[in-house]
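Chain residues, written in single-letter form:
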Amino acid sequence: MRRRPRTPPSPLPQRRGVDPVRVRLPFDGGWATVREHLVARLAAGDGVIDGMLKAGLVVGADGRPVAPDAAYVPGMYVWFHRELPDEPRVPCPVDVVYRDEHIVVADKPHFLATTPRGSHVAETALARLRRDLGIPTLTAAHRLDRLTAGLVLFTVRPEERGTYQSLFRDRRVTKEYEAVGPYDPAVALPRTVRSRIVKERGVMTAQEVPGEPNAVSRIELLEHRAGLGRYRLLPFTGQTHQLRVHMNALGLPILGDPLYPVVADPAPAGDFRRPLQLLARVLEFTDPVTGRAHRFVSERVLQAWSSYDIWAG
């Protein structure tokens, strides 16, 4: 069995906690130069790639700038730094709950993406923690939606990331969420919801469709008052938007949800009002490297339950 060639290390340092972009030139294709491929592959404006090449901002594995007329070499790697967008700062800290030589467990606020994606790059939990903790090798073992607050596991050593990711893949992590939504005495709880959820690329919402269930959630009512309920949610699977879809299907949509039951207009940049009332409260697992049993609990409070008027205002 032929082993895959090892990816060379990046010749460029991180910038504000963000890795440079790495591009590997495909083995098939009709491009004559590196420039032609980058222009075809990257969604950059007219002249952007030419400007980067002329400025020496695209480099090869040896760290030397790639010439504007450099020949296309199949399998070649090139790196460059993306232009960082102007991002409003999410006005909440990323609290470190636990840290050792292998992992960091952080308590992420609402509105902060876990990892760089789309228009959220430097203003993400990963980039912030890399800068604040001085750990450039830090990576995320899993992700929380940008709108969801709570506990996220990060790994310190790149060679151990796959081991920790397997905890989530093999469902060896106990996750508990908390949510605030409408209270309906006609909805019998607790109950286990099973359905088939499909999320299509380019479509904002996930849909329940007929077929073999691939999403299972336990829904429990913790308490209720003034028409609101505080719920404990236990996802046994990890489909996109699973808890939000299942709560909506019960007629108990989570407060502040911009997608369920109705897709709302995008909030203006920097508008951090009325966060989604969903919190990853508990993360429990046995460390696959050290063997330690861990149980972490978020100290965040869902504002719609503690101070509804402030949240709604």
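For the structure itself, look to the data block above.
Described in the following lines is the structure provided in the data block. (Residues numbered from 1 in each chain as written. Predicted model: local features only at pLDDT ≥ 70, side-chain atom pairs only at ≥ 80, totals over all residues. Heavy atoms only, no water.)

Scanning the chain from N- to C-terminus turns up 7 helices and 13 strands. Seen through its C-alpha atoms, the chain measures out along the principal axes to roughly 70 × 45 × 40 Å. Counting the 313 residues in the chain, one finds 44% classified as buried. Counting only contacts in the chain whose residues sit at least 6 apart along the sequence, the fraction spanning at least 24 positions is 63%. Accessible surface for the chain amounts to roughly 17000 Å². Of this, 50% is attributable to carbon and sulfur atoms. Across the chain, the 44 positively charged side chains and the 35 negatively charged ones have centroids separated by 4 Å. (Helix = DSSP H or I, 4+ residues; strand = E, 2+ residues; numbered from the N terminus. Buried < 20%, exposed > 50% of the residue type's maximum accessible area, 1.4 Å probe, protein only. Contact = heavy atoms within 4.5 Å. Areas by Shrake-Rupley, 256 points an atom, 1.4 Å probe, with all protein chains shown as cover. Lys, Arg positive; Asp, Glu negative; His and termini not counted. Charge placed at Lys NZ, Arg CZ, Asp CG, Glu CD.)

The next point concerns the pairing of strand 11 (residues 228-235). Taking burial as the measure, the 8 residues of strand 11 include 7 buried ones, the bulk of the element. Across 6 bridges, the pairing between strand 7 (residues 174-182) and strand 11 is antiparallel. Each residue of the ladder has a partner; that of A179, found in strand 11, is Y231. Here strand 10 (residues 215-225) runs beside strand 11; their pairing, made up of 8 bridges, is antiparallel. Residue L221 lies in a different strand from strand 11, and its bridge partner there is Y231. Connecting the antiparallel pair strand 10 and strand 11 is a turn made up of 2 residues, with A226 showing a positive phi of about 50°. (Pairing = 2+ DSSP bridges.)

Here we come to the environment of L147. You can see L147 is positioned in the loop between strand 5 (139-140) and strand 6 (149-155). Look past the residues within four positions of L147 in its chain and what remains in contact with it is H110, F111, R244, P258 and L276.

In the segment running from L189 into P190, the intervening peptide bond is cis, with an omega of 5°. With an omega of 10°, the peptide bond running from Y260 to P261 counts as cis. Note on placement: P261 falls in the loop between helix 5 (242-249) and strand 12 (278-286). In this model, F111 sits at a positive phi of 75°, which is unusual for a non-glycine residue. Relative to the elements of secondary structure, F111 occurs in the loop between strand 4 (103-108) and helix 3 (125-133). We classify F111 as buried; its relative accessible area is 13%. Backbone geometry at R274 places phi at a positive 50°, although glycine is not the residue there. Relative to the elements of secondary structure, R274 occurs in the loop between helix 5 and strand 12.

So, on to helix 5. A large share of helix 5 lies buried, amounting to 6 of its 8 residues. For helix 5, the complete set of buried residues consists of Q242, L243, R244, V245, H246 and M247. Just downstream of helix 5 lies G251, where phi reads positive at about 80°.

Quick look at the side chain of T115 now. Tracing the chain through its elements places T115 in the loop between strand 4 and helix 3. The contact partners of T115, leaving out residues within four places of it in the chain, are H120, T124, L126, A140 and R143.

The next point concerns the nonpolar core. Ranked by internal contacts, the top residues of the largest apolar core, which has 32 residues, are L138, F154, Y177, I219, L233, M247 and L278. At the level of secondary structure, the elements contributing two or more residues to this core comprise strand 4, helix 3, strand 6, strand 7, strand 11, helix 5 and strand 12. Among the elements that take part in this core, helix 3 stands out by supplying 3 residues, more than any other. Counting residues in hydrophobic clusters, the runner-up holds 14 residues, among them V21, V34, L53 and A70. (Core = buried A, V, L, I, M, F, W, Y, C linked by side-chain atoms within 4.5 Å.)

This paragraph deals with helix 4 (residues 161-169). Looking at helix 4, one finds that the buried residues are Y164, S166, L167 and F168. Against strand 4, strand 6, strand 7 and strand 12 lie the buried residues of helix 4. One or two steps after helix 4, the chain reaches R171, where phi turns positive at roughly 55°.

Here T155 shows up in strand 6. Discounting chain neighbours no more than four positions away, the residues touching T155 are H102, I103, T137, L138, T139, A141, R161 and Y164.

Bringing the layout of surface pockets into the picture now. To find leftover empty space, a probe the size of one water molecule is rolled over the atoms. What the second largest pocket holds in volume is close to 970 Å³. For the second largest pocket, the lining is made up of 31 residues, of which D19, R22, R130, T139 and R161 are closest to its centre. Taken together, the elements giving at least two residues each to the lining of the second largest pocket come down to strand 1 (21-24), helix 3, strand 5 and helix 4. The class makeup of the residues in the lining of the second largest pocket is 14 nonpolar, 9 polar and 8 charged. (1 Å grid on protein atoms, 1.4 Å probe; cavity = no way out; pocket = protein on both sides within 12 Å on 5 of 7 lines; lining within 4 Å. Points joined across faces, edges and corners; volume = space filled by probe spheres on them. Nonpolar A, V, L, I, M, F, W, Y, C, P; charged D, E, K, R; others polar.)

Once that is clear, we can look at the packing of aromatic side chains. Scanning the entire structure with this criterion turns up 6 aromatic pairs. Seen in terms of ring centroids, Y98 and F296 are 5.3 Å apart; in terms of plane orientation they differ by 45°. Their pairing is tilted. One end of the pair, Y98, is in strand 3 (residues 95-99); the other, F296, is in strand 13 (residues 293-297), and 198 residues separate them in sequence. Taking 6.2 Å as the distance between ring centres and 50° as the angle between the ring planes, the aromatic pair formed by F285 and F296 counts as tilted. You can see F285 sitting in strand 12 and its partner F296 sitting in strand 13, a full 11 residues away along the chain. (Phe/Tyr/Trp six-rings, centres within 6.5 Å; stacked < 30°, edge-to-face > 60°.)

Purely geometric stuff here, so don't read any function into it on its own.
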